[in-house]
Structures are given as structure tokens and as C-alpha cells.
Amino acid sequence: MTAIRPDEALAQAYDGITAVVGGLDDAGLQRATRCRGWLVADLLLHVLGDAQRALVALASPVDGPADVDDVSYWRDFPANDDEATRHAWWVRRSAAAFDRPTGIVQLWRETAPAAVRAAASADPERYVTTQGHVLRVPDLLATLTTEAVVHHLDLTPELPGAPPPGPLAVRVAVASMEGLLSDDTVRPTAWNDHDFLLKATGRVPLTDRDRLELGESAGWFPLLG
């Protein structure tokens, strides 16, 4: 399998989100998402925060070694319910402070490409810090890509014509989720990559057939929230 450049995967992930939201009007940006209580505009603001975090992290190199990689980083998630609820409420209030939801899209269009440019020029041998962890630059970019792909899927349940996330970005997200499973887990044959990501992150519940095929590994799901 051809190696994926982490910055190219991140670019594809962020371009995918832009393709979803770029043509939406204010009404479209107020449609529901898979994230409970969040509209499209709310979720976009949350992902915008990741792009801003990327800019800060990539401009703030630290000494190694790393304490997590692109897979073990996710083992700290989900946060406790109280923390997640406070963050969800903060995002909703912050998004509501914009004069119009399309203002969030404009800020995203400015910030996401800047994060991608910073990623492309970053030294892959460097270490950076984010969310209380130290990671290698490629691992940071993989975590950002994974989150963007999952949230791309979160954006679209009421946007049936929205384009899917790009294949390179999806490969990174799938690899991250597979890394959280035991080596002997076999993915149900009926799942495509999007099914796997939605079920691995608890967006879609496991069916009885899924549980039968997964066996004991079903107890690992959701792999993160």
C-alpha cells in the first residue's frame, strides 16, 4: 500500500469539510448533525477549533520523546460526560455569537488552508504538544485528519447531496480506529469504511449481526465517542 503523506491527508480532510459547508446558506448551516444538540454551524466551529489548535501546536515545537502516537492519543477519549457537556454548551454559545452562521464558514475558509500550509512545511521529525500530550508531527496530523473525517460524516445526515470525505483521509481515520482494536478482531464483512467509522465512534449502534460477527470484540465498541 502506498504510504500516505500526513499533510496531504489533512489537506484532503479539510477540503472535504469545505466542500460540504462552502455552498450552504444560513438555513443549511442550521440543520442537525449526528452530534447531539449541535447544528452544522456548531460542529463547524468545533472543527475550526482543531485547525486553530493545529496552528498553535505546529508553531510550538518541544523536546521529545512523545508520550502518545496517533492511536494511543485516542485512549484518553471520550472525556467525562460533564466535561463533554460543558464543551458542547460552550461551542453552541460561541457559534450563536456570530452575526450569521456563514461567518463561521468564512473563518474556516481562512484558517483551514493556513493549518494545511503549516502542516506541509513542518519538520516531520519534530515533536509538538497539544491537549496535554507530546506527539511527533506526523502523529499530530493523523489525529487531526481522523477527527475531521469523523466530523465530516457527522455533518451530513441532513445534507444528502454532500460529498463524502476523501479516500486518503478516510484511510488514515480507519487505520486509527483499527489500531484501537485487538489484532485478532475481524471487521464485519458488510461494513464499508464509513460504516466502520460511524460504529467505531458510537454514531451508529451495533446490530445483533454485528455483535455475532465481532464476538468478544463487540465489547470494545464504541472505540471512542
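First, a word on scope: everything that follows refers to the structure included in this document. (Residues numbered from 1 in each chain as written. Predicted model: local features only at pLDDT ≥ 70, side-chain atom pairs only at ≥ 80, totals over all residues. Heavy atoms only, no water.)

Below, the discussion takes up the packing of aromatic side chains. Two numbers describe a pair of aromatic rings. These are the distance of the centres and the angle of the planes. All told, the structure shown has four aromatic pairs when counted by the stated rule. Where Trp-191 meets Phe-221, the ring centres are 5.9 Å apart and the plane angle is 75°; that geometry is what we call edge-to-face. Of this pair, Trp-191 sits in the loop between α6 (167-179) and α7 (193-200) while Phe-221 sits in the segment after α8 (208-214), and the two are 30 residues apart along the sequence. In this structure, Trp-191 and Phe-221 share a single accessibility class: buried. Taken together, the ring pairs connect Trp-191, Phe-196 and Phe-221 into an aromatic cluster. (Phe/Tyr/Trp six-rings, centres within 6.5 Å; stacked < 30°, edge-to-face > 60°. Helix = DSSP H or I, 4+ residues; strand = E, 2+ residues; numbered from the N terminus. Buried < 20%, exposed > 50% of the residue type's maximum accessible area, 1.4 Å probe, protein only.)

This paragraph deals with the sheet that holds strand β3 (residues 133-136). An order of β1-β2-β3 is seen for the three strands of this open sheet, with the pairing classed as antiparallel. With partners counted over all chains shown, the strands left at the sheet margins are β1 (61-62) and β3, one partner each. Pairing between strand β2 (residues 127-130) and β3: four bridges, direction antiparallel. Directly across from Thr-129, in β3, lies its bridge partner Val-134. Along the sheet face, helix α2 (residues 40-58) touches β1 and β2 and points at about 135° away from the line of β2. (Pairing = 2+ DSSP bridges. Contact = heavy atoms within 4.5 Å. Axes fitted to C-alpha atoms, helices over the stretch in contact; angles between N-to-C directions.)

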